[in-house]
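Structural features, examined
The residues making up each chain are set out below.
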Amino acid sequence: MYIFKAAVVGAGAMGGGIAQVITYAGLPVIVKDIDEKQLELARKHVEGIYQSRVNKGKMTPGQMEEKLGLIEYTLTYDGFDDVDIVIEAVPENMKIKQAVFKELDEVCNPDCIFASNTSALSISEMASATKRPHKVIGMHFFNPAHVMKLVEIIPSSETDQDTIDTVEQFAQELRKIPVIVQECPGFLVNRLLMPYLNEAVIALQEGAATTEEIDAAMGREGFGWPMGPFTLMDMLGNDVCYHVGEYLSSKYGDRMEAAALFKEIFDAGRFGEKVGAGWYDYPGGGHSAAVDELIKKLQEEGKVKTGTKFSVDRLMMPMLNEAFMCVEEGIANVNDIDMACIAGIGMQVNKDGELVRMGPLEYADELGLDVVLEKLQALEKEFGPRFKPADILVKKVKAGELGKKTKRGFKEYTV
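Below is a summary of the structure that appears in this document.

Rules behind the numbers
- Residues numbered from 1 in each chain as written.
- Predicted model: local features only at pLDDT ≥ 70, side-chain atom pairs only at ≥ 80, totals over all residues.
- Heavy atoms only, no water.
- Helix = DSSP H or I, 4+ residues; strand = E, 2+ residues; numbered from the N terminus.
- Rg over C-alpha atoms; globule rule 2.2 N^0.38 Å.
- Buried < 20%, exposed > 50% of the residue type's maximum accessible area, 1.4 Å probe, protein only.
- Contact = heavy atoms within 4.5 Å.
- Areas by Shrake-Rupley, 256 points an atom, 1.4 Å probe, with all protein chains shown as cover.
- Lys, Arg positive; Asp, Glu negative; His and termini not counted.
- Charge placed at Lys NZ, Arg CZ, Asp CG, Glu CD.
- Pairing = 2+ DSSP bridges.
- Expected span 1.5 Å × (residues − 1).
- Polar contact = N/O pair within 3.5 Å; in protein donor to acceptor, adjacent residues only side chain to side chain.
- Core = buried A, V, L, I, M, F, W, Y, C linked by side-chain atoms within 4.5 Å.
- Axes fitted to C-alpha atoms, helices over the stretch in contact; angles between N-to-C directions.

To continue, consider the overall build of the chain. Of the regular secondary structure elements, the chain holds 17 helices and twelve strands. Here the chain has a C-alpha radius of gyration of 22 Å; the compact-globule value for 415 residues is 22 Å, and the two agree. Along the three orthogonal principal directions, the C-alpha set of the chain runs to about 60 × 50 × 45 Å. Looking at the 415 residues of the chain, the share that counts as buried comes to 55%. Of the contacts made within the chain by residues no fewer than 6 positions apart, 69% connect residues no fewer than 24 positions apart. Working note: accessible area of the chain is about 17400 Å², and carbon and sulfur atoms make up 51% of it. On the chain, the mean spot of the 45 positive side-chain charges and the mean spot of the 64 negative ones are 3 Å from each other.

The structure is reproduced here in C-alpha cells:
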C-alpha cells in the first residue's frame, strides 16, 4: 500500500509538527481538532517552522507557500473518506484515543491505516475499539517532530505485515529513521529514558544534589548528554513526563516507582517552559525557590529519604539495565536500541572532551559488563531493588562476554 494523503487528529505541538513533516515530504494532509484556537496555534506553529527555513535561506517564500498549501485545517471529518493514514496526536488518555478511533472507523475507508503517536499507551487496547485492529499501529514521533529523526513503529499482536511495511516505508519517505519495536509499556525510548529521569528526581528530592548540579554532571561538559535531565523535562513538559512515569510505574512496579516530587511538581502546575515554570523558572531557566519549598515539604513530612549521595552512575545504570531487559525480552535488536537512543534522545558520551554518539549497549560494552554489574550490585545494596541487575547481564558476565575488552558483549567487535 502507498500513502498518497494523510490526516492528523489533534492540533497540539506534536500534531502540528507531524503535519509539517508530512507536507515537507510533498504530501497533502488534513489537520483536525475540536478547538478553533488550537487549529490556529497549529497553523502558526507550522508557518513558524517554514518561515525559519526561509530566513536561513533553505527555502524560498514561494516554496513555503507551496508547502503550506498542502495543509487543510478543519473542525470536522470532511475529507477523511479518501485518506490513506490517520495519525492521532490527542492527549495521552486511553478513553480519548479509543473514542477518536471509533469516530474514524465510521468516516474512513476500510483500507485506511490508524496510527497512534502515543508515547507509552497500549496499541492493542486502542485497536480493540475499532473494526480494523489489523490496520492499527503505533507511530511515535519525537519532540520536536520536525527536528528529531527517530520514529518508533509499534505493531500490536493483530497488526498485519502490510500495515507494518507501509508505515515503515512512509516513515522513510518522511526522512525519518524507523525502528520496529515490540509492544510493551513505554515502548523502547521512553522505557529506557524514564528510569534515568526518575532517578534524577529521586536524587533531587533526597537532597543528594541540586537541579543545577545534576544537569551540569549529566550535560555536555559532564557525562555528555545535549542537556541535563531537568532541562530536558522542562522542554518535554513535566505533565507529559508525570503521566508517562505514572503509567510505567503501574506496569513495571518497584524499579520504576515514580518519585514523590514528580506529583508535587505536577500538582503545582509546573509543566515546564510552555507555562513559564518547571524545575526552573522561565524565562531564563533560573533556580526555583518554589521547587526548593516543595522538596523541603516532602523532607519535613518524612515522605522521602535524605542525605543520600549523587553520582552519574546512579542515573545511567538504571537506563543501561532497562536496555539489557529490552534485549532479553526481544523488544528490539541491539543495534536498533542504540540507534533509537542516539536518534531519539541524542545520547552521547564525553570521552576526554570529545562528544561521541553512543547508545546504552555500546556504552556498557565500553565500560565492561563486569564493571557495569559491579556498579549495579553496589547501587542495589545502597538504594534497593530498583537497581537489581538484569539476568542477561549476569549471564553474559559469567560467560566471559565482557564487552569491548573481550570483543564480545551485547555487540561483537573485531578491533
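There is more to say, and it comes next.
So, on to the pairing of strand β11 (residues 348-351). As paired elements, β11 and strand β12 (residues 354-357) share four bridges and run antiparallel to each other. Note on β12: the bridge partner recorded for Asn-350 is Leu-355. Turn length for the β11-β12 hairpin, with the two strands adjacent in sequence and antiparallel, is two residues, and the turn residue Asp-352 shows positive phi of about 55 degrees.

In a regular helix each residue adds 1.5 Å, so 14 residues correspond to 20 Å; helix α4 (residues 94-107) covers 20 Å between its end C-alpha atoms and thus fits that length. Contact partners of the buried residues in α4: β1 (6-9), β4 (85-88), β5 (113-116), α5 (123-127) and β6 (136-141). You can read the cap of α4 off the contacts: a side-chain oxygen lies 3.0 Å from the backbone nitrogen of Lys-95, and it is on Asn-93.

Our next topic: the nonpolar core. Membership of the largest hydrophobic core comes to 104 residues, with the highest contact counts inside it found for Val-86, Leu-104, Trp-279, Met-316 and Phe-324. For this core, the element with the most residues is helix α7 (residues 189-205), which contributes eleven residues. Dropping the residues within four chain positions of it, Met-316 is found in contact with Tyr-196, Met-218, Phe-223, Trp-225, Met-347 and Tyr-363. Judged by nonpolar contacts, the second largest core, of 37 residues, contains Ala-19, Ile-22, Val-29 and Ile-71.

Mapped onto the elements, Thr-211 comes out in helix α8 (residues 211-218). Accessibility expressed as a relative area gives 4% for Thr-211, which makes it buried. If we ignore the near neighbours within four places in the chain, the residues touching Thr-211 are Leu-204, Phe-230, Trp-279, Tyr-280 and His-287.

Moving on, we come to the sheet that holds β6. Strand order in the open sheet made by the eight strands is β3-β2-β1-β4-β5-β6-β7-β8, with mixed pairing throughout. Looking along the sheet, the strands with just one partner apiece sit at the ends: β3 (71-74) and β8 (177-180). Sheet twist, expressed as the mean angle between neighbouring strand axes with direction ignored, is 25 degrees. Relative to strand β7 (residues 150-155), β6 is paired through five bridges, and the arrangement is antiparallel. Bridge pairing in β7 places Gly-138 opposite Ile-154.

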